[in-house]
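# Overview (structure and organization)
The residues making up each chain are set out below.
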Amino acid sequence: MADKKRETFGSKLGIIMATAGSALGLGNIYRFPCEAGANGGAAFLMVYLALALLIGTPLMISEFVIGRRSRSNPVGAFKRLSGARSAWPVVGYLGVVCAFLILAFYTTVAGWTLGYLGKSVAGHFGGQDLEAIQQQFSDFTNHPWLPVACQLAFLALTAVVVMRGVKDGIERWSKILMPMLLVIMVVLCVKSLTLSGAGEGLRFFFKPDFSKITGRVVLSALGQSFFSLSIGMGALITYGSYIGRRDNMVSSAVGVALADTLVAVLAGVVIFPAAFSFGIQPEAGAALAFTTLPMVFQQMTGGYFFCLIFFLLLVIATLTSTISLLEVIVAALTEELRLPRRKAALVGAAGTAAIGVLATLSFRTGSPLHIGASTVFDLLDHLTALYMMPIGGLLIVLFVGWKMKRADVMAELTNEGTLRAGLRKGILFIVRYLAPVAIAVIFFSQLLM
Ligand code: TRP
């Protein structure tokens, strides 16, 4: 009966677009180049591609299976599918906590995109040299309150959309704007590839030096693939619970994974040739995207205009990701604690803000918000992407592969037998054997070193 009242996405395109909206975001355009740059470029890319497509996509499908079978938030999902006295709901709680922690540091960078949208409107990048653009990034992140204000504004925006509910809020936004982002990325690629010295950047990104692959690089690639595909913590269990009975989850997941990977690769093709051309270090970390991109625009005819559109689209792509994170918290609070949606969105946003502000302030030079050598920001990033999501992902594939009834899983994968089983048996094989072994080996070998 509860199922009848629960919203579902309006169409197949709706699920793909909402899931793509969740997946596409700062993970592709900011975090991926940052990780690839710090972890050896092409070597990282190769490992990343293998993990995203071979492990990431089946995990994405597993989350959809749990979500649609249970029609519930991640906590309720494990309760419904494994019985009240089981320990599995812990995976759901872990996911909700993980959503909080990701949202906390994700909105730091989300705030920067808002700040940079403001800067592009004001025309701050026109005619500036590299040093001036680097100084702008450092001034902005060191400003005592501006980045915090941008972060809180971003969270408020997210909360407003989430309050209005899944269908009206999330689906409508993603449909039009995700394809536009893809188009502008292609335009940027063309510009970047024609800069002088672009070849060196291309070699860095595409010509692998396999000696650079270490256990740490593989774990970073695993973490990045989970982060980028929004998997390993229940965001796609939540979205899966809104998928209609007749929709094809497998083809949707494959489509989203391919699109997400394409945008990450495009971001690399924009950023590395340009970075090498301007003399920006690929290891520049947080500053990489935020200095390279304004430099590219600044060299383009109509750069003011392109810059503006780009940051506008980036803000929106980021918003559709923060929405999916807050939605995990809201779905859990409304269904498990019976809070009204509005209140749940406010509580979630306020809780996130409390930790998130610390992450933002930890970027200031000389900030005491460090633990050891890491900023609060890096700590939250590593804790979630390198620890919580691999563990969450491992438990999710184990649950679908070994705890759920095989017949139930196949019924979900084939829409009760109406879709062909062949390929889907292969997916189930990966979910049962390959994925858990791979994740466990990558994760535990790093932990023990
Ligand atoms: N995948 C998004 C990105 O690449 C971020 C994101 C949204 C996310 N929801 C998530 C990451 C859930 C992990 C888990 O920008």
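Residues numbered from 1 in each chain as written. Predicted model: local features only at pLDDT ≥ 70, side-chain atom pairs only at ≥ 80, totals over all residues. Heavy atoms only, no water.

### Observations regarding the overall build of the protein chain
When its secondary structure is counted, the protein chain shows 19 helices and 2 strands. Rg of the C-alpha trace for the protein chain: 21 Å, near the compact-globule value of 22 Å for 449 residues, within the 12% margin. Seen along its three principal axes, the alpha-carbon backbone of the protein chain occupies a region of about 60 × 50 × 45 Å. Out of the 449 residues belonging to the protein chain, those deemed buried represent 59%. Summing over all exposed atoms, the protein chain offers an accessible surface of approximately 17,200 Å²; the carbon and sulfur share of this is 66%. (Helix = DSSP H or I, 4+ residues; strand = E, 2+ residues; numbered from the N terminus. Rg over C-alpha atoms; globule rule 2.2 N^0.38 Å. Buried < 20%, exposed > 50% of the residue type's maximum accessible area, 1.4 Å probe, protein only. Areas by Shrake-Rupley, 256 points an atom, 1.4 Å probe, with all protein chains shown as cover.)

### Brief notes about the site of the ligand
In the vicinity of the ligand there are 17 residues, among which A23, G27, Y106, F227 and S230 approach most closely. For the ligand, the protein covers 100% of the area, taking 360 Å² as the surface of the free molecule. When each cavity is represented as a set of grid points, the ligand is found to reside in the largest cavity. Across the shell around the ligand, the residue classes tally to 9 nonpolar, 8 polar and no charged. (Near = heavy atom within 4 Å. 1 Å grid on protein atoms, 1.4 Å probe; cavity = no way out; pocket = protein on both sides within 12 Å on 5 of 7 lines; lining within 4 Å. Sits in = over half its atoms within 2 Å of the grid points. Nonpolar A, V, L, I, M, F, W, Y, C, P; charged D, E, K, R; others polar.)

### Quick look at the side chain of T19
Looking at the element boundaries, T19 is found in helix α2 (residues 12–23). Look past the residues within four positions of T19 in its chain and what remains in contact with it is M60, F64, L236, Y239 and V256. (Contact = heavy atoms within 4.5 Å.)

### What about the packing of helix α6 (residues 89–122) against helix α8 (residues 146–163)?
Relative orientation and spacing of two packed helices are given, respectively, by the angle between their axes and the distance between those axes. As a packed pair, α6 and α8 sit with axes 7 Å apart at the nearest point and diverge in direction by 105 degrees. Here α8 runs roughly perpendicular to α6, going by the angle between their axes. Of the residues in α8, those touching α6 at L103, A104, T107, T108, A110, G111, W112, T113, L114 and G115 are P147, C150, Q151, A153, F154 and L155. Grouping the amino acids of the contact of α6 with α8 by side-chain chemistry returns 10 nonpolar, 6 polar and no charged. (Axes fitted to C-alpha atoms, helices over the stretch in contact; angles between N-to-C directions. Parallel < 35°, antiparallel > 145°, perpendicular 65-115°, else oblique.)

### Points about the environment of K403
As for its placement among the helices and strands, K403 is situated in helix α17 (residues 376–403). Separated by 315 residues in sequence, K403 and W88 have C-alpha atoms that sit 9.7 Å apart. When sequence neighbours within four positions are dropped, the list of residues in contact with K403 reads S82, W88 and L398.

### Quick notes on a nonpolar patch on the surface
A surface patch of nonpolar side chains, amounting to about 500 Å² of accessible area, comprises L383, Y387, F444, L447 and L448. Elements represented by at least two residues in the nonpolar patch include exactly α17 and α19 (422–447). As for its placement among the helices and strands, L383 is situated in helix α17. Classification of L383 by relative accessible area gives partly exposed; the value is 38%. (Patch = residues over 30% accessible without salt bridge, like charges linked within 9 Å, V, L, I, M, F, W, Y side chains within 5 Å. Salt bridge = Lys/Arg side-chain N within 4 Å of Asp/Glu carboxyl O.)

### Quick word on the nonpolar core
If you look at the biggest cluster of nonpolar residues, it comprises 154 residues, and the most contacted ones within it are I29, I66, I102, M233, L293, F310 and F311. Here the element with the most residues in this core is helix α15 (residues 303–336); it accounts for 18 residues. I102 has contacts with F227, M233, L325, T384 and M389, leaving out every residue within four places of it along the chain. (Core = buried A, V, L, I, M, F, W, Y, C linked by side-chain atoms within 4.5 Å.)

### Here's the deal with empty space enclosed by the protein
Under the criterion given, the structure shown has 5 cavities of 30 Å³ or more. Of the volumes computed, that of the largest cavity is approximately 140 Å³. If you trace the largest cavity, you find 16 residues lining it, with S22, I102, F227, S230 and L325 closest to the centre. Broken down by secondary-structure element, the contributors of at least two residues to the lining of the largest cavity are α2, α6, α11 (215–229) and α15. The greatest single-element share of the lining of the largest cavity, amounting to 3 residues, is contributed by α15. (Points joined across faces, edges and corners; volume = space filled by probe spheres on them.)

### Comments concerning the side chain of S362
Counting through the fold element by element, S362 comes out in the loop between α16 (341–361) and β1 (370–371). Here the side chain of S362 touches A359 through a polar contact of 2.7 Å, landing on its backbone oxygen. If sequence neighbours within four positions are ignored, S362 has contacts with S367, L369, H370, T375, V376 and F377. (Polar contact = N/O pair within 3.5 Å; in protein donor to acceptor, adjacent residues only side chain to side chain.)

### Here's the deal with the packing of aromatic side chains
For the structure on display, the rule yields 34 aromatic pairs. When the centroid spacing of 6.1 Å and the interplanar angle of 75 degrees are considered together, the rings of F32 and F205 count as edge-to-face. You can see F32 sitting in helix α3 (residues 26–38) and its partner F205 sitting in helix α10 (residues 198–206), a full 173 residues away along the chain. The residues F32 and F205 share a single accessibility class, namely buried. Ring centres of F137 and F290 lie 5.9 Å apart, and the angle between their planes is 25 degrees; on these two criteria the pair is classed as stacked. (Phe/Tyr/Trp six-rings, centres within 6.5 Å; stacked < 30°, edge-to-face > 60°.)

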